[in-house]
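Inside the fold
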Amino acid sequence: MKVYKLTILVLLLLLGCVACQKKNPVVEFQTPKGKILVELDIENAPITASHFLKLVKEGYYDGASFYRSVRGATKDNPVHITVVQGGVSGMGNKRRVESISHESTDITGLTHSNGVISMARNKPGSASTEFFFCMGENQELDFGGKRNPDGQGFAAFGKAIEGFKTLHDLWGASAMGEQIDPKIIIYKIKVQ
């Protein structure tokens, strides 16, 4: 009887430990092409993931769009990358959002692999609202990569866990150069 009680106690403690573990938040992108579920990596990219999550909770991205598809090297950018970009670019009715500190991949340990979501930026520390999903392996977007002359890369902060067909459809949408035409509306991004 004592062994039985001890076994039950150990099992309850183990279950309690599992329940206490932090769970990364998951957000759902709702688009005309389908939905995408994205797990935000709060542990490894706390500044960037928390910033994005805050904007999602405020409804900031509702009505935004996917507007850019990069499908390889171009004359303007000879580094081969494949991404689909979205956000509020061109939406003059959205409030200005302050930029966040740059969390490069050498700090977070994340890499720009297939399905990873990352913040778009000009110079380090200028990211605020625009984001992109990697379509395939894009290590040139990591710290030390050649996509930007500063070598600081971009701030990856999560990864798609469902909706890869939707991402592929967004990336392959009709485009004029890199500009998706027409833009694809993001109905809503919500926390699961």
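Described below are features of the structure shown in this document. (Residues numbered from 1 in each chain as written. Predicted model: local features only at pLDDT ≥ 70, side-chain atom pairs only at ≥ 80, totals over all residues. Heavy atoms only, no water.)

Right, let's get into the pattern of salt bridges. Enumeration according to the criterion identifies eight salt bridges in this entry. A salt bridge links E98 to R96; the nearest nitrogen and oxygen atoms lie 3.2 Å apart. Relative accessible area serves as the criterion here: at 58%, E98 is assigned to the exposed category. Taking relative accessible area as the criterion, R96 reaches 64% and is therefore assigned exposed. Bridged by salt links that share partners, the residues K54, E58 and R95 form one connected network. (Salt bridge = Lys/Arg side-chain N within 4 Å of Asp/Glu carboxyl O. Buried < 20%, exposed > 50% of the residue type's maximum accessible area, 1.4 Å probe, protein only.)

Bringing the pairing of strand 7 (residues 155-162) into the picture now. Taken together, the four bridges between strand 2 (residues 34-40) and strand 7 define a ladder with antiparallel strand orientation. By the bridge assignment, E39 is partnered in strand 7 with K159. (Pairing = 2+ DSSP bridges. Helix = DSSP H or I, 4+ residues; strand = E, 2+ residues; numbered from the N terminus.)

Here the focus is helix 4 (residues 164-171). For helix 4, the complete set of buried residues consists of T166, L167, L170 and W171. Take helix 4 and look down its axis: the buried residues cluster within an arc of 135°, on one side only. (Arc of directions from axis to C-beta.)

Note that all results are geometric; they support no functional claim without further evidence.
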